[in-house]
Amino acid sequence: MPIASALSVATPSTLALVLANKYVDGTPLYRVADALGRADVSISRGTLGNWVIRASELHLHPVYDVLQQKLRSAPSARSKHSRVAQFQVPRDMSRSDESATSVGIVMKYCSIMNGYLFWRS
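Quick caveat, the model's predicted, so the values are computed rather than measured.

Peer 1: Any chance you could explain the overall build of the protein here in plain terms?
Peer 2: When you go through the protein residue by residue, the secondary structure sums to three helices and three strands. Its helices and strands in sequence order give the protein the pattern α-α-α-β-β-β, from N to C terminus. Put simply, the protein has 121 residues, and 22% of those count as buried. A separation threshold of at least 6 residues defines the contact pool for the protein, and within that pool the share at least 24 residues apart is 51%.

Peer 1: Explanation requested: the packing of aromatic side chains in the structure shown.
Peer 2: The geometry of an aromatic ring pair comes down to the distance between the two centres and the angle between the two planes. This model, assessed by the stated rule, comprises zero aromatic pairs. Here the basic side chain of K22 rests over the ring of Y23, its NZ or CZ set 5.5 Å away from the ring centre.

Peer 1: Would you mind going over unusual backbone geometry with me for this structure?
Peer 2: Comment: phi is negative for the bulk of residues other than glycine, and the bulk of peptide bonds are trans. Positioned with a positive phi, D40 is a non-glycine residue whose angle comes to about 60 degrees. One can find D40 in the loop between α2 (29-38) and α3 (45-73).

Peer 1: Could you clarify how one ought to interpret the nonpolar core in this entry?
Peer 2: Side chains that are nonpolar tend, in soluble globular proteins, to be buried together. Ranked by internal contacts, the top residues of the largest apolar core, which has 13 residues, are V18, L48 and W51. Those elements giving two or more residues to this core turn out to be α1 (12-24), α2 and α3. Setting aside residues no more than four positions away along its own chain, L48 makes contact with V18, L29, V32, A33, L36 and I43.

Peer 1: Would you mind going over the packing of α1 against α3 with me for this structure?
Peer 2: Packed helix pairs are specified by the crossing angle of their axes together with the interaxial distance, meaning the distance between the axes. It is at 10 Å that the axes of α1 and α3 come closest, and there the two elements cross at 90 degrees. By the angle between their directions, the pair α1 and α3 is classed as roughly perpendicular. Of α3, the residues touching α1 (which contributes T14, L15, V18, L19, K22 and Y23) are L48, W51, V52, A55 and S56. When its residues are assigned to classes, the contact of α1 with α3 shows eight nonpolar, two polar and one charged.

Peer 1: Even after reading the chapter, I still don't get a nonpolar patch on the surface, so can you show me in this structure?
Peer 2: On the surface, a nonpolar cluster with roughly 330 Å² of combined accessible area is contributed by Y23, V24 and L60. L60 sits in the partly exposed class, given a relative accessible area of 42%.

Peer 1: Would you take a moment to explain the side chain of T27 for this structure?
Peer 2: In this structure, T27 sits in the loop between α1 and α2. Dropping the residues within four chain positions of it, T27 is found in contact with N21, K22 and V32.

Cut-off values and rules
Residues numbered from 1 in each chain as written. Predicted model: local features only at pLDDT ≥ 70, side-chain atom pairs only at ≥ 80, totals over all residues. Heavy atoms only, no water. Helix = DSSP H or I, 4+ residues; strand = E, 2+ residues; numbered from the N terminus. Buried < 20%, exposed > 50% of the residue type's maximum accessible area, 1.4 Å probe, protein only. Contact = heavy atoms within 4.5 Å. Phe/Tyr/Trp six-rings, centres within 6.5 Å; stacked < 30°, edge-to-face > 60°. Lys NZ or Arg CZ within 6 Å of the ring centre and 35° of its normal. Core = buried A, V, L, I, M, F, W, Y, C linked by side-chain atoms within 4.5 Å. Axes fitted to C-alpha atoms, helices over the stretch in contact; angles between N-to-C directions. Parallel < 35°, antiparallel > 145°, perpendicular 65-115°, else oblique. Nonpolar A, V, L, I, M, F, W, Y, C, P; charged D, E, K, R; others polar. Patch = residues over 30% accessible without salt bridge, like charges linked within 9 Å, V, L, I, M, F, W, Y side chains within 5 Å. Areas by Shrake-Rupley, 256 points an atom, 1.4 Å probe, with all protein chains shown as cover. Salt bridge = Lys/Arg side-chain N within 4 Å of Asp/Glu carboxyl O.

As far as function goes, none of this settles anything; it's purely spatial.
Right under this line is the structure:
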């Protein structure tokens, strides 16, 4: 399944390089773009971000859905919800606006299947 249009340079090997750098090595996309630029490959951070999002939607989300289904259907599944504060960074950093805070809910699931601990939050 192609990641982008026919005009894109997102070959499987290029995409594998970007995804491995981001998720295996923990490299931010701006550093991946800088490294590619040093190799005379000019790809913007926005393009790299779009590739990561599209690859996640097409290939990683189905795997995530299967794992989540298995997690919820396990006999020893546990869940917990926690309230967390969410902050919005103001455009003018000299002014801090306390009203820009909201509360979100984080759901955490945990289960042990076949000796492996699966969790999601």
